[in-house]
Amino acid sequence: CRRADVVTCISRRDLDVGLKAGLFAAAKGSFIPTQLSRAVIEGPPIIDGRVHAFLRALGLRPQAPIVGNVGRLDPIKDPLLFVRIAASVRALNPDAQFLWVGDGPLRREMEEQARAAGLSESLRITGFLGREDVSIALRAMSVYLLTSQVEGTPLGVLEALVGGVSVVARTY
């Protein structure tokens, strides 16, 4: 952070921690407060029909339980743990389906591990989606599974909770 021109934090706490730790000079630090998307809180109109259409387009069954996550496919988010947990859940509940909204450098490895674990028919990775589609994806989830190794402000968790989705998170 010392060589960066600007450091932007999504919470006042993160900014204060960075400054206190000497990670960057006060003049370089900025804080942009986060706001939960109105689409997540209120949901787009006719949400049920849109959720079902969204899931069918992905080849998922709307009536089956869906475990999901929204995030980058990179090591800090630990999507490979998501695949391992998906395989364990699937062994206990063959109807369970899995949805990862996002993309990143671990996509190919995640897809390969999903295939190796026999999850080709039940796990979908959407790539990046627009805000309204993320809202629809969150509302489709039965459970939001946070596999991140570390989170500052887990926006996906907050949005899932606001949308009435149960959250399971790892401890770290």
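Description of the structure in this document. (Residues numbered from 1 in each chain as written. Predicted model: local features only at pLDDT ≥ 70, side-chain atom pairs only at ≥ 80, totals over all residues. Heavy atoms only, no water.)

The next thing to look at is the pattern of salt bridges. Evaluation of the coordinates by the stated rule reveals seven salt bridges. The salt bridge involving R72 is made with D74; its shortest N-O contact spans 2.8 Å. With a relative accessible area of 41%, R72 lands in the partly exposed category. Taking the relative accessible area as the measure of exposure, D74 reaches 14% and is therefore buried. The salt bridge partner of E111 is R107, with a shortest N-O separation of 3.0 Å. Here E111 pairs with R107, and both are found in helix α5 (residues 107-116), just four residues apart, close to one helical turn. (Salt bridge = Lys/Arg side-chain N within 4 Å of Asp/Glu carboxyl O. Buried < 20%, exposed > 50% of the residue type's maximum accessible area, 1.4 Å probe, protein only. Helix = DSSP H or I, 4+ residues; strand = E, 2+ residues; numbered from the N terminus.)

Among the nonpolar cores identified, the biggest contains 18 residues, and F54, L55, L99, V101, L138, M141 and Y144 are the most heavily contacted of them. Listed by contribution, the elements that provide at least two residues to this core are α3 (47-57), β4 (97-101), α6 (131-140), β6 (143-146) and α7 (155-162). Sort the elements by how many residues they give to this core and α6 lands first, with five residues. V67, A86, I125 and L145 belong to the second-largest nonpolar core, a separate cluster that totals 16 residues. (Core = buried A, V, L, I, M, F, W, Y, C linked by side-chain atoms within 4.5 Å.)

Among the five residues in strand β3 (residues 66-70), four count as buried, and that is most of the element. Direction of pairing for β3 relative to β4: parallel, over a ladder of five bridges. In the strand pairing of β4, V67 is matched with F98. Where β3 meets β6, two bridges bridge the pair, whose relative direction is parallel. For G68, the partnering residue across the bridge sits in β6 and is Y144. (Pairing = 2+ DSSP bridges.)

Moving on: the sheet that holds β3. The parallel open sheet is built from five strands, whose spatial order is β5-β4-β3-β6-β7. Each edge of the open sheet carries a strand with a single partner, namely β5 (123-125) and β7 (166-169). Averaged over all pairs of adjacent strands, the angle between their axes in this sheet comes to 25°, without regard to strand direction. Docked against the sheet, helix α4 (residues 79-92) engages β3, β4, β5 and β6, running at close to 165° with respect to β4. (Axes fitted to C-alpha atoms, helices over the stretch in contact; angles between N-to-C directions. Contact = heavy atoms within 4.5 Å.)

This brings us to a nonpolar patch on the surface. On the surface, I10, L155 and L158 cluster together into a nonpolar patch covering about 200 Å² of accessible area. With respect to the element layout, L155 can be found in helix α7. On the basis of relative accessible area, L155 is assigned to the partly exposed category, the value being 31%. (Patch = residues over 30% accessible without salt bridge, like charges linked within 9 Å, V, L, I, M, F, W, Y side chains within 5 Å. Areas by Shrake-Rupley, 256 points an atom, 1.4 Å probe, with all protein chains shown as cover.)

Note: β6 against β7, four bridges, orientation parallel. By the bridge assignment for β7, Y144 is matched with V167. Between the parallel pair β6 and β7, the chain is carried across by α7, and the sense of this crossover is right-handed. (Right-handed = clockwise from strand over helix to strand, strands pointing away.)

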